[in-house]
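A closer look at the structure
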Amino acid sequence: MKKHHCMSIGLSLLLLGLCSCVQYPMGVTRQQWQALTPAQQADYQAKQYAIDAEKAKQAEAERIEAERAKAQQAQAEQDRLNIIRANAQYRDIVKVNVEGGTMEFAGKHYPYEPLTFEIIKGETKEVPFFGRGAQTLNTRYKVHLSDDGNTLTFDDSYRQRIVLTNRDWEHGQAYTANPATRNNNGVALSGMTFFVKFKELPGAPQRVIIERR
């Protein structure tokens, strides 16, 4: 009997909580709503539906405008990069080779396909890493080259990152990913070698070749 009594109290409290969470049209209280005639209640509901529909319409318009602005910004950035690429001079673009090491996830190491990519100064791009072998693991990393073209950052927005600074990109410079960087998917680049070099473009310094006889 006592058990049923406790259940009854619990059910009553639950129903009371649900009732207290009910929202009535136009912000009226439960007492005010119950005091209205059916016709008045229908009128309040119609007005509330109209307000909700207008809010939904406004929210959708704001979402569309935000997407349009985002797309416009992305296109402007792409246009900027296209102009730099079309008129690129030496030191505007770097080439990056990644090889060796493994991708690490949940304590396991996965081989991957070595990759090469180019990046323009001021650019942020997502670089895909593709696993290989019986068990594969694929992921992407954001890579950013600073506006002055002298600092390359892997995982700029993630918990850990690799920062490669120019000391001799004219001849090419190798770096090893220790400690590893880890992206938001929990995938780490472990023990990889990054080789960074300025792309050969107009304006490159003249190199003298000395032959030994």
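Note that this is a predicted model, so its numbers are computed, not measured.

1. Considerations on the pattern of salt bridges
For the structure on display, the rule yields nine salt bridges. Close ionic contact of Lys47 with Asp43 constitutes a salt bridge, the shortest N to O distance being 3.4 Å. With a gap of four residues between them, Lys47 and Asp43 both fall in helix H3 (residues 38-86), about one helical turn apart. Looking at Asp43, the relative accessible area reads 36%, which means it is partly exposed.

2. Here's the deal with the sheet that holds strand S12 (residues 193-198)
Sheet architecture is open: four strands sit in the order S4-S1-S12-S9, paired in antiparallel fashion. Strands with a single pairing partner mark the edges of an open sheet, and in this sheet they are strand S4 (115-120) and strand S9 (173-176). Neighbour-to-neighbour, the strand axes of this sheet turn through a mean angle of 25°, independent of strand direction. Where strand S1 (residues 93-99) and S12 come together, six bridges link them in antiparallel fashion. Along S12, the bridge assignment pairs Val96 with Val196.

3. Section: the nonpolar core
Among soluble globular proteins, nonpolar side chains are generally buried collectively. Counting residues in each nonpolar core, the largest one holds 29 residues, and the members touching the most others are Val98, Phe117, Phe129, Leu152, Phe154 and Phe194. Look past the residues within four positions of Leu152 in its chain and what remains in contact with it is Val96, Ile119, Val143, His144, Leu145, Ile162, Val163, Leu164, Trp169 and Val196. Within the second largest apolar cluster, six residues are counted, among which are Ile84, Ala88, Ile93 and Ile120.

4. Let's talk about the sheet that holds strand S11 (residues 188-190)
What the four strands build is an open sheet, ordered S3-S2-S11-S10; its pairing is antiparallel. The two strands at the open ends of the sheet, each matched to only one other strand, are strand S3 (108-110) and strand S10 (181-182). Two strands pair when backbone bridges link them, and S10 and S11 are joined in this way by two bridges, in the antiparallel orientation. Across the sheet, residue Thr181 finds its bridge partner in S11, namely Leu189.

5. Looking at the pairing of strand S8 (residues 162-165)
On S8, burial follows the alternation: Ile162 and Leu164 on one face are buried, whereas Val163 and Thr165 on the facing-out side are not. Alignment of strand S7 (residues 151-154) against S8, held across four bridges, turns out to be antiparallel. Residue pairing across strands places Thr153 opposite Val163, the latter belonging to S8.

6. A short note on the environment of Phe130
Among the secondary structure elements, Phe130 is positioned in the loop between strand S5 (124-129) and strand S6 (139-145). For Phe130, a relative accessible area of 43% translates into the label partly exposed. Sequence separation of Phe130 and Met103 is 27 residues, and the distance between their C-alpha atoms is 9.4 Å. Ignoring sequence-local partners within four residues, the contact set of Phe130 consists of Met103, Tyr112, Glu113, Leu137 and Asn138.

7. Considerations on the packing of aromatic side chains
Enumeration according to the criterion identifies seven aromatic pairs in this entry. Their ring planes at 35° and their centres at 5.8 Å tell us that Tyr24 and Trp33 sit as a pair that is tilted. Judged by relative accessible area, Tyr24 falls into the buried class, the value being 19%. With centroids separated by 6.1 Å and ring planes inclined at 55°, the aromatic side chains of Tyr112 and Phe129 adopt a geometry described as tilted. Linking Tyr112 in the loop between S3 and S4 with Phe129 in strand S5, this pair joins segments that are 17 residues apart in sequence. On the basis of relative accessible area, Tyr112 is assigned to the buried category, the value being 3%. Take Phe129: its relative accessible area is 0%, and that puts it in the buried class. Three or more aromatic residues link up through ring pairs in this structure, and these residues are Tyr90, Trp169 and Phe198.

Each value, and the rule that gives it
Residues numbered from 1 in each chain as written. Predicted model: local features only at pLDDT ≥ 70, side-chain atom pairs only at ≥ 80, totals over all residues. Heavy atoms only, no water. Salt bridge = Lys/Arg side-chain N within 4 Å of Asp/Glu carboxyl O. Helix = DSSP H or I, 4+ residues; strand = E, 2+ residues; numbered from the N terminus. Buried < 20%, exposed > 50% of the residue type's maximum accessible area, 1.4 Å probe, protein only. Pairing = 2+ DSSP bridges. Axes fitted to C-alpha atoms, helices over the stretch in contact; angles between N-to-C directions. Core = buried A, V, L, I, M, F, W, Y, C linked by side-chain atoms within 4.5 Å. Contact = heavy atoms within 4.5 Å. Phe/Tyr/Trp six-rings, centres within 6.5 Å; stacked < 30°, edge-to-face > 60°.

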